Structures are given as structure tokens and as C-alpha cells.
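Tertiary structure, described
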Amino acid sequence: MKALVLGGAGFIGLHLVRALAAEGNDVMIVDDFSRGRDDRELAELGVPVVHADLTDPTSYQRLPRPWDQIFMLAAVVGVRNVEADPARVVRINTLSLLHLLDWMRPGERLFFASTSEVYAGGVSAGVVPVPTPESVPLMIGDISAPRFAYGASKLLGESAVVHTARSKQIPFVVGRFHNVYGARMGADHVIPELSLRALRKEDPFKLYGADQSRAFCHVDDAVTATVRLMASEDAAGQIVHVGNDTREIAIGDLAKLILRVAGHEPRMEWLPAPLGSVARRCPDLSTLRRLTGFEPVVSLEDGIRRTFDWYRDSGRTESRGSRWTC
């Protein structure tokens with residue numbers, strides 16, 4: 001099978017490429033390296049890598065074809081990036097996808113990476129249940145708020161995929177990722193940020209929104225689910241959650257787990273959650289299970305240990321702030 005992974009040098013992308021290549025598939029990466037890393041781990045994959053700006057439609061014209069599967073993971077992500085330049089988020093996320101849809105041919109199978117952020121407005125307004133099924137209404141609580149630019153761009157992306165793919169006879173799957181974590185995901189997400197601060201032995205240890213809760217999914221499980229969805233004929237044309245619903249944990253308890261792994265016992269300083277952060281997030285995985293038989297296999301304790309060890313061994317100690325974002 002021939003697979004094209006857009007954003008393949010990024011967090012989920014690199015893990016996905018590794019899994020696809022390990023199965024003997026012919027894989028190519030396209031990335032602009034605004035977030036992805038051109039490092040040893042990427043080189044060790046042994047797959048061709050194309051540097052390209054996907055907001056430029058001519059970038060697609062230079063790519064070889066045909067492809068059996070195309071994975072659209074390229075996007076500007078991260079709350080700090082979104083709040084710093086929301087216009088950039090909307091522009092890059094939208095143009096990259098629209099140019100891809102124009103370029104694709106009938107029969108090429110598409111996976112579009114969406115997000116649990118599409119539910120944030122509804123959960124905060126009290127109209128969306130948690131755990132959350134795919135069938136609930138979607139809403140943006142305040143379209144003028146910078147942090148919602150990412151969710152809005154993904155809502156537009158989902159609509160573009162569904163309607164364009166139907167008109168062009170492109171089989172597709174929209175995967176709404178829920179709090180995926182693991183090695184190489186950067187520093188501006190709650191698990192790596194807390195891990196890096198624990199490695200620095202911060203004391204006092206500030207924690208924002210300790211009573212909020214999340215259901216975290218290790219990247220290995222997310223990749224398994226993604227690969228299975230693209231292999232399932234029944235999943236074609238579906239919007240499906242990718243995550244782990246077996247354990248929802250409060251951020252305060254998550255911090256204690258990470259600190260225990262780090263062997264650090266600081267004085268805790270409890271602070272309010274970041275403005276606009278949703279109180280709970282947990283997916284209902286009924287659709288994913290029905291379509292693929294998927295069950296998460298990486299426990300939170302194991303995943304935290306593996307992630308912490310990677311950040312410790314990579315020599316990374318920096319994070320851009322003390323507010324977690326997820």
C-alpha cells in the first residue's frame with residue numbers, strides 16, 4: 001500500500017509513519033517543519049520526506065501519485081500557538097486542507113485529523129454530555145475568542161471533507177482525536193509540561209485547574225485506531241472518536257502521578273484553570289469499537305512512565321510557561 005502522510009514529521013504523524021512503514025507500506029512524508037522536527041528519529045524512519053508549504057497549491061502539484069491512503073495531520077495546534085496568532089491558525093489549517101481536497105482524485109482514501117475541541121463550547125454550555133458521542137450538536141461558544149480559532153478551523157475542515165469527498169467520490173474518515181499524548185509531542189501540553197517541570201524540580205509546583213478532568217490516550221493506541229479505521233470499509237464516510245475512555249482522571253491526580261514517577265515531592269500551589277478551558281473531556285468510543293474492535297492497551301501509568309522517560313532521556317528541560325494546556 002502507498003500512503004502519504006501530511007504533517008508526518010509532527011507528533012502523531014511520526015508515530016503513524018513508523019507504524020505504517022513497519023507493516024511494509026510505501027510511505028512518504030510532507031511537512032513544512034513549522035512544528036515537526038527534522039531530527040534523528042525522523043531520519044531513522046528511512047522514508048522520503050518532502051519539505052513543502054501546503055498553503056501553496058503548487059506544492060501538491062509537485063508530489064508523485066497515485067496514493068492508496070492520504071492522512072491529513074498537518075495543522076497549527078496548541079493553545080499558546082492559537083492564542084498568539086488565531087488568524088494564522090485559520091488560514092493555514094483551512095487553505096492546506098482545501099488545496100488537498102482540490103488535488104485528490106476519486107478513490108484515494110482520506111483520513112482527516114479533527115479534534116475534541118469541537119465539543120468544548122457545548123460541554124461548557126451544559127448541552128453536551130460527557131462521555132461524549134459523535135452525534136451531539138457542535139458549537140463555538142464565542143467566535144471572537146482567540147482560543148476557539150483552532151476548533152473553528154477543524155469544524156470548517158470537517159464540513160469541507162464531508163461535502164467535497166462526497167462530490168468527488170473520495171472515501172474518507174474524520175478522526176476526532178481526544179487528548180493524545182506521548183513522546184515527541186512538544187512542551188506545551190499538560191503531560192509533557194508537567195513532566196518537564198518535575199524534571200526541573202520546581203518547588204513550589206503550580207497547578208492550574210486541578211479539579212478538571214481528561215481521558216488521555218497514548219499515541220500508540222491512537223495510531224492503532226487510526227490504521228484500523230483506514231482499513232475498515234464500514235468506517236468510510238464516518239466521523240469517529242480516537243481516544244481512550246477507560247479512565248478519566250483529574251488534573252490534580254495526574255500531576256501527583258507524574259511527580260511520583262519523577263521522584264519529586266514539592267509543595268503544591270493550586271490555581272484556577274486557564275480561562276476557556278473545558279471542565280471535562282472524555283470520548284464515547286462506541287463507534288470506534290463497533291467499526292474496528294479497538295480497545296486501548298496502554299495504561300495511563302505505563303504511558304506516563306514511557307513519556308516521562310523520553311523527555312528525561314532526550315535532554316529537554318524547557319517549557320514556555322507554567323500553565324498546562326489540553
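Look up a bit, the structure's there.
These figures come from a predicted structure and were not determined experimentally. (Residues numbered from 1 in each chain as written. Predicted model: local features only at pLDDT ≥ 70, side-chain atom pairs only at ≥ 80, totals over all residues. Heavy atoms only, no water.)

**Considerations on the pattern of salt bridges**
Opposite charge on two side chains permits pairing when their charged atoms draw close. Tallied over the full model, the rule gives 21 salt bridges. Measuring nitrogen to oxygen at the nearest pair gives 2.5 Å for the salt bridge that ties D220 to R306. Of this pair, D220 sits in helix 9 (residues 219–231) while R306 sits in helix 12 (residues 300–314), placing them 86 residues apart in sequence. The class for D220 is partly exposed, based on a relative accessible area of 32%. For R306, a relative accessible area of 34% corresponds to the partly exposed category. Between R305 and D309 there is a salt bridge, with its nearest N and O atoms 3.4 Å apart. With a gap of 4 residues between them, R305 and D309 both fall in helix 12, about one helical turn apart. Among the charged side chains, a salt-bridge network with shared partners connects R18, R37, D39, E41 and R184. (Salt bridge = Lys/Arg side-chain N within 4 Å of Asp/Glu carboxyl O. Helix = DSSP H or I, 4+ residues; strand = E, 2+ residues; numbered from the N terminus. Buried < 20%, exposed > 50% of the residue type's maximum accessible area, 1.4 Å probe, protein only.)

**A short note on helix 10 (residues 251–262)**
Helix length check: helix 10 (12 residues) gives 16 Å between terminal C-alpha atoms against 16 Å at 1.5 Å per residue, within 8%. Within helix 10, 9 of the 12 residues are buried, leaving the element largely enclosed by the surrounding structure. Taken together, the buried positions of helix 10 are I251, G252, L254, A255, L257, I258, L259, V261 and A262. Contacts from the buried residues of helix 10 go to helix 8 (190–199), strand 8 (205–208), strand 9 (213–214), strand 12 (249–250), strand 13 (268–271) and helix 12. Of the residues one or two after helix 10, G263 is the one with positive phi, at around 70°. (Expected span 1.5 Å × (residues − 1). Contact = heavy atoms within 4.5 Å.)

**Observations regarding the sheet that holds strand 2 (residues 26–31)**
Strand order in the open sheet made by the 7 strands is 3-2-1-4-5-6-11, with parallel pairing throughout. Of all strands in the sheet, those bounded by a partner on one side alone are strand 3 (49–51) and strand 11 (238–242). On average, each strand axis in the sheet is tilted by 20° relative to the strand beside it, whichever way the strands run. Pairing of strand 4 (residues 69–72) with strand 5 (residues 109–115), which is carried by 4 bridges, proceeds in the parallel orientation. (Pairing = 2+ DSSP bridges. Axes fitted to C-alpha atoms, helices over the stretch in contact; angles between N-to-C directions.)

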